[in-house]
Amino acid sequence: MPKEREKRRKSCKEAGLSEGVVKERRTSRKGAEMRDELCHTTEVRLAEINPTQAHTTMMEVVRVPQVTITPDGGSSREIQQEDWVDANGPLRRKMSNSSISSTGSSIVHDESEDDILSDSETKSKGHITLEHLCEDTGEQSKPWWKLKTIITWPFVASQRRSLSWVQLAGHKGNFKAGSEGTILKKFSENEKLCFERLQGDALQDFVPGYRGVVQTDGEPFLHMTDLLIKFNRPSIMDCKMGVRTYLEEELVRARERPKLRRDLYDKMLEVDHDAPSPEEHLQKAVTKPRYMQWRETLSSTHTLGFRIEGIKKADGTCHTDFKKTRTEEDVTEVFRDFVGGNTNILNTYQSKLGTIQQALKSSTFFKRHEVVGSSLLFIHDHTERAEVWLIDFGKTTALPEGTTLDHWSPWQEGNREDGYMWGLNNLIRTLGFVTKQ
Ligand SMILES: Nc1ncnc2c1ncn2[C@@H]1O[C@H](COP(=O)(O)OP(=O)(O)OP(=O)(O)O)[C@@H](O)[C@H]1O
Ligand SMILES: O=P(O)(O)O[C@@H]1[C@H](O)[C@H](O)[C@@H](OP(=O)(O)O)[C@H](OP(=O)(O)O)[C@H]1O
C-alpha cells in the first residue's frame, strides 16, 4: 500500500479511535466542528440538508449522524453504456438490470474520493472489464461498471443440466466462471486477507469456501465456491448489512480530496428529482459519501440496519429496484413475496439466521473487523432447501490491534461501529412478521 495512503489510514484510525465512544449530542457538535473546519481549510462548502435527510426518523438520527460534504469544482466524463457478450469464451452474459440507471446510460470515469482501497484493487475492479469492452469498442480507458449480470454457465456434464449463475448486486464484470462449482471474483487484497483470516474462524462455515488466488488471462482472481451450485432454479436475495455502507476512511478521503460525481447525481435524479440540493443541481454532481448517505436514508439501511439489494426468483425474474424499500412493512412484504408464502422456507431462513447470529457472537474475525458493505445471500429452491451465506468482504477492514467492535452500538465517526448485529436482529424480527398478515 502506498505510504501516503497507509499514513492516511493510520491517522484516521488513530484519530477516530482515540475519540472513544462519545455521546450522540457530542457527535453532532463534532460534525458541525468538522464542517466548519472544512470550510476554513479546504474551502469546501456543505450542501444544505436535503428533504430526504430532513425527514429522517428519530431512530435514524440517533443511530447514524450525517456528515455530508459537497465540494466546489471537480469534473467528470461521461461514458455510454455498452453490452458485453462472450467476453470469456463460452460464457454468455446478459445484462438483467442495472443500478447505474434505469436507462443504464452513464457512469463517470474519475479517480474519486472513494478510491480508498489499494491502487491494484481499484484498477483490478476496472480494468479487466475494460479490456473486454475495449476488444469490441477500441476505446482505451473505460470505467468499471455496476450492472447485474446473468451468466449462463457452460453445460456441466455431471449435473446434466446447464446452470444459470446470477450476480444480483455489486460491480459488473467482477465475476467469472471457475472450475466446476466455483466462481472467480476480481482480486482485492482486502477481501483476500478476509478470506484468509476467516479460515478456522467460527464464521468459516457461513462464507463461500475459499480456494486461494488464481491467475486468469494474466489477472488475479479470488477463487471461491459457487453458492448456487447445489440448488435447482434457485430464488436468491442479496441483503446488504449494517447501518453504514461506506468506510470511515472514505469520509476522510472525501475531506482530503473531495471529488464530484456526475453519475451519482444522475442516479439520485432518477429516484427523486428533488433529492439534490440547489447547489448540487447547479453542479450536476455529488460526492460519493453524500450519495451513499442519501441511499442509506432512503432505504432501510438507517432505519433497520440492512437493506435489500436484489432478488432473483425461480421464474427467472430479477428485481433490483429496492432503493425506497424502507420500512419494516415494506421489507416484510418483499420477504413474503420472495418466499412465496412458504412457511417451511421461512422457518429454515429464520433458524439459519439464528445460527449465524450465534456464530457471529463467537467469531474472533467479526469482533476484530469493521464489516461494511457485506451481504447476506439468501438462497432457496422448490425442494424447500434454504441457506444463508455471508458474502462480500471487499470493504471489511481489520481494526487496530487490541480493538474490537460490538456491531450494535450507534455509529459515530471514529468508533467504526457498523451496526451489523443490530441489523441482523432487526432482520430476524422482520422475518417473524412475514407470516403475520
Ligand atoms: N460465492 C458466491 N456464489 C454465488 N453467488 C455469488 C457469490 N458471491 C457473490 N455472488 C453473487 O454476486 C453478487 C455480488 O457479489 P459481491 O457483493 O461479492 O460483489 P461486489 O462486486 O463486491 O459487490 P459490491 O460492489 O457491492 O461490493 C451477489 O449479490 C450474488 O448474487
Ligand atoms: O447501489 P447504488 O445506488 O448503485 O450505489 C452503489 C452502491 O452503494 C455500491 O455499494 C457502491 O460501491 P462500493 O460499495 O464498492 O463503494 C457504489 O459506488 P461506486 O459508484 O463508487 O462503485 C455505488 O454507486
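Residues numbered from 1 in each chain as written. Chains lettered and ligands numbered in written order. Predicted model: local features only at pLDDT ≥ 70, side-chain atom pairs only at ≥ 80, totals over all residues. Heavy atoms only, no water.

## Focus on the site of ligand 1
- Taken together, 22 residues lie near ligand 1, and His171, Asn174, Lys185, Asp238 and Asp392 sit nearest.
- Between Ala169 and ligand 1, the recorded distance is 3.3 Å, taken from a backbone N or O atom to an oxygen atom.
- In this structure, Thr225 approaches ligand 1 through a main-chain N or O atom, which is 2.9 Å from a nitrogen atom.
- If ligand 1 stood free it would expose 620 Å²; the protein chains cover 95% of that surface.
- Mapped onto the shell around ligand 1, the elements with two or more residues apiece are strand 5 (164-167), strand 7 (182-186), strand 9 (219-225) and strand 10 (235-241).
- Tallied by class, residues from the shell around ligand 1 come to twelve nonpolar, five polar and five charged. (Near = heavy atom within 4 Å. Polar contact = N/O pair within 3.5 Å; in protein donor to acceptor, adjacent residues only side chain to side chain. Areas by Shrake-Rupley, 256 points an atom, 1.4 Å probe, with all protein chains shown as cover. Helix = DSSP H or I, 4+ residues; strand = E, 2+ residues; numbered from the N terminus. Nonpolar A, V, L, I, M, F, W, Y, C, P; charged D, E, K, R; others polar.)

## Some points on helix 13 (residues 343-362)
- The terminal C-alpha atoms of helix 13, which comprises 20 residues, lie 29 Å apart, in line with the 28 Å expected from a rise of 1.5 Å per residue.
- Restricting attention to buried positions, one finds in helix 13 the residues Ile345, Leu346, Tyr349, Leu353, Ile356, Gln357, Ala359 and Leu360. For helix 13, the angular spread of the buried residues around the axis is 165°, confining them to a single face.
- Buried residues along helix 13 sit against helix 12 (328-339), helix 14 (364-367), strand 14 (375-380), strand 15 (386-391) and helix 15 (420-433).
- Capping the start of helix 13 is the job of one residue whose side-chain oxygen sits 2.9 Å from the backbone nitrogen of Asn344: Asn342. (Expected span 1.5 Å × (residues − 1). Buried < 20%, exposed > 50% of the residue type's maximum accessible area, 1.4 Å probe, protein only. Arc of directions from axis to C-beta. Contact = heavy atoms within 4.5 Å.)

## Considerations on the packing of helix 13 against helix 15
- Helix 15 packs onto helix 13 with a crossing angle of 160° between their chain directions and a minimal axis gap of 10 Å. The angle between helix 13 and helix 15 falls in the class roughly antiparallel. Where helix 13 crosses over helix 15, the two elements pack in a sense that is left-handed. In contact with Leu346, Tyr349, Gln350, Leu353, Gly354, Ile356, Gln357, Leu360 and Lys361 of helix 13, helix 15 contributes Tyr420, Met421, Leu424, Asn425, Leu427, Ile428, Leu431 and Gly432.
- Among the residues making up the contact of helix 13 with helix 15, the classes are represented as eleven nonpolar, five polar and one charged. (Axes fitted to C-alpha atoms, helices over the stretch in contact; angles between N-to-C directions. Parallel < 35°, antiparallel > 145°, perpendicular 65-115°, else oblique. Left-handed = near helix turned anticlockwise from the far one by under 90°.)

## Comments concerning the environment of Arg368
- Secondary-structure assignment places Arg368 in the loop between helix 14 and strand 13 (369-371).
- In this structure the C-alpha to C-alpha distance between Arg368 and Phe195, which are 173 residues apart in sequence, comes to 14 Å.
- Not counting residues within four places of it along the chain, the set of residues in contact with Arg368 comprises Thr397, Ala398, Leu399 and Thr403.

## Some points on the packing of aromatic side chains
- By the definition in use, this model includes ten aromatic pairs.
- A ring pair is formed by Phe195 and Tyr210, whose centres lie 5.0 Å apart and whose planes are at 5°; its orientation type is stacked. Here Phe195, found in helix 6 (residues 189-198), pairs with Tyr210, found in strand 8 (residues 210-216); they are 15 residues apart in sequence, far enough to count as distant. Taken as a pair, Phe195 and Tyr210 share a single burial class, namely buried.
- Judged by centre distance (5.0 Å) and plane angle (80°), the ring pair of Tyr349 and Phe378 falls under edge-to-face. Of this pair, Tyr349 sits in helix 13 while Phe378 sits in strand 14, and the two are 29 residues apart along the sequence.
- Through a chain of ring-to-ring contacts, the aromatic side chains of Phe195, Tyr210, Phe365 and Phe393 assemble into a single cluster.
- Cation over ring: Arg385 sits above Phe231, and NZ or CZ is 5.2 Å from the ring centre. (Phe/Tyr/Trp six-rings, centres within 6.5 Å; stacked < 30°, edge-to-face > 60°. Lys NZ or Arg CZ within 6 Å of the ring centre and 35° of its normal.)

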